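If you want the building blocks of each chain, they are given just below.
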Amino acid sequence: MNVDLYDFDLPESLIAQTPLKERTASRLLTLNKQTGAIAHHTFKDIVDQLQPGDTLVLNDTRVIPARLFGTKEDTGAKAEVLLLKNLGEDRWEALVKPGKKLKPGTSILFGDELKAVIEDEGDMGERVLKFYYKGIFQEILDRLGQMPLPPYIKEKLDDRERYQTVYSRHEGSAAAPTAGLHFTKELLEEIGRKGVTIAYLTLHVGLGTFRPMSVDRVEDHVMHAEYYSVSQETVDLLNVARSRGGRIIAVGTTSCRTLETLGTRFAGGQLEACSGWTDIFIYPGYEFKVVDALITNFHLPKSTLVMLVSALAGREHILHAYEEAIKEKYRFFSFGDAMFIY
C-alpha cells in the first residue's frame, strides 16, 4: 500500500493550538465502523454512547517536562534536547537539535546544575545522553524542563496539567495520550455509574509519536519500541469482559496498541499481566483481537495513527469522516476534538 492513500488536505486553521477551557466541551464525531454512519455530538455525550457491560481502557502514563534548552559547552551555541526513554544509570535516549552539530562527545550545559554528554547516535537520529548533576534528577527536570508539545503547536501552554490526563499516574512519556485529555473525574464517575467498567494500563509514548513516515510503502515502515505495563487487576477485568461478550473500548491509540499487543502475545487464550516493549504497527489488513471500539482524536495526514483507525473502520469510512470533520470545522490533533469509532 502506498502511504499517499492516507493523505488528505487539512487547513492549518483547524489545528488546535490551545486546549478548551472545559475538557468535556470538545466536539465528538461518532462513526459506525460497519455502515460508515456519522453523527455529531459534544464529548460529554460519550456517556450516551457507552453501554452497561462495556469496559473503558485508559492509558495512565504521565508526561515528563522532557524538552530542555541548553548550550554547547565548547562554543556556547544553542542546543535543544527532547528526552524520550530512560535507559537507567542517568542515561536517556533523546532527540537533539541541531542534529548535525550534536555528535557523540559533545557536552551540553543546562544552566549551572545540569550537564549532558552525548555518548552514542542511533539509526533513526536519536542520541544516548549521560547526565551529570547534584541532587534529584526529577526535581531538576521539573525546574528546567518544558512540556514537549508537538511541533505543530505554536502557542505557549500556560498550565502544564492541561497536557496531562486527569488520571495520569506513571511518569515516563514524551507526549500525552491525547484522547484522554477530554475526560474529567466527574465524567469518569458518571460513566462508572452507568455500569461501565474502567480499567487502566500504561504505555509510555516515545519516538514513534514524533517520527514521520519516511517510506513510500506502508509495509516498509518500522515502529519505534515503547514500554508498556498491564496489571493483573486490568487483565482480570478484560478477561471477564471478553467472556461475557462486553465491548472493550480503548481510549486512544496508545491504549489500543497495548491491548492489541496483549492480544497478539496471548493469541487465543486468557490475557495475562505483563510488561515489555512493543513496536506493533496496525494498518489495514490487521485483524483486531481485543479492541471493539475506540475513542481517539483526529490525526495527521499520512500518519501511522490514520492507518490504525483505518484498520478498525476502513480507509474509505475514515477519509469520509475526516472530510466531514473538516467541512464542519472540527479541531484537529492534540488539543482538538474527538471521534468515537464503534
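Everything quoted here is computed from the prediction, not taken from an experiment.

A. Expanded view of the environment of histidine 299. Tracing the chain through its elements places histidine 299 in the loop between β16 (293–297) and α7 (304–313). The exposure class of histidine 299 is buried, given its relative accessible area of 8%. Sequence spacing of histidine 299 and phenylalanine 332 is 33 residues, and the spatial spacing of their C-alpha atoms is 6.8 Å. Each residue touching histidine 299, except ones within four places of it in the same chain, is listed here: Phe8, Thr253, Leu305, Val306, Val309, Tyr322, Phe332 and Phe333. Side chain to side chain, histidine 299 and threonine 296 meet in a polar contact 2.7 Å long.

B. Here's a closer look at the sheet that holds strand β12 (residues 197–203). Reading across from one edge, β2-β1-β17-β16-β14-β3-β12-β13-β15 is the order of the 9 strands in this open sheet, with mixed pairing throughout. On the outer flanks of this sheet lie β2 (38–42) and β15 (274–278), each paired with one strand and no other. Sheet twist, expressed as the mean angle between neighbouring strand axes with direction ignored, is 25 degrees. Here strand β1 (residues 27–31) runs beside strand β17 (residues 338–341); their pairing, made up of 4 bridges, is parallel. Bridge pairing in β17 places leucine 28 opposite alanine 338. Relative to strand β13 (residues 226–230), helix α6 (residues 253–265) is tilted by about 70 degrees, and along the sheet it contacts β3 (55–59), β12, β13, β14 (248–251), β15 and β16.

C. Main features of empty space enclosed by the protein. The tally for this structure, following the rule as stated, stands at 2 cavities of 30 Å³ or more. For the largest cavity, the calculated volume is near 90 Å³. Lining of the largest cavity is provided by 13 residues; of these, Ser26, Arg162, Leu181, His182 and Phe335 occupy positions nearest its centre. Of the volumes computed, that of the second largest cavity is approximately 30 Å³. Taken together, Gly208, Arg211, His221, Val222, Met223, His224 and Thr304 make up the lining of the second largest cavity. Its residues assigned to classes, the lining of the second largest cavity comprises 2 nonpolar, 4 polar and 1 charged.

D. Quick look at the nonpolar core. Core analysis: the biggest nonpolar cluster contains 66 residues, and Tyr163, Leu259, Leu262, Tyr322, Phe332, Met339 and Ile341 have the highest contact counts within it. Top element by residues in this core is α7. It accounts for 7 residues. Methionine 339 has contacts with Leu28, Leu29, Leu31, Leu294, Ile295, Thr296, Asn297, Phe298, Ile318, Ala321 and Tyr322, leaving out every residue within four places of it along the chain. The next biggest cluster of nonpolar side chains, apart from the first, holds 24 residues, and it includes Val81, Phe110, Ala116 and Phe131.

What counts, and at which threshold
Residues numbered from 1 in each chain as written. Predicted model: local features only at pLDDT ≥ 70, side-chain atom pairs only at ≥ 80, totals over all residues. Heavy atoms only, no water. Helix = DSSP H or I, 4+ residues; strand = E, 2+ residues; numbered from the N terminus. Buried < 20%, exposed > 50% of the residue type's maximum accessible area, 1.4 Å probe, protein only. Contact = heavy atoms within 4.5 Å. Polar contact = N/O pair within 3.5 Å; in protein donor to acceptor, adjacent residues only side chain to side chain. Pairing = 2+ DSSP bridges. Axes fitted to C-alpha atoms, helices over the stretch in contact; angles between N-to-C directions. 1 Å grid on protein atoms, 1.4 Å probe; cavity = no way out; pocket = protein on both sides within 12 Å on 5 of 7 lines; lining within 4 Å. Points joined across faces, edges and corners; volume = space filled by probe spheres on them. Nonpolar A, V, L, I, M, F, W, Y, C, P; charged D, E, K, R; others polar. Core = buried A, V, L, I, M, F, W, Y, C linked by side-chain atoms within 4.5 Å.

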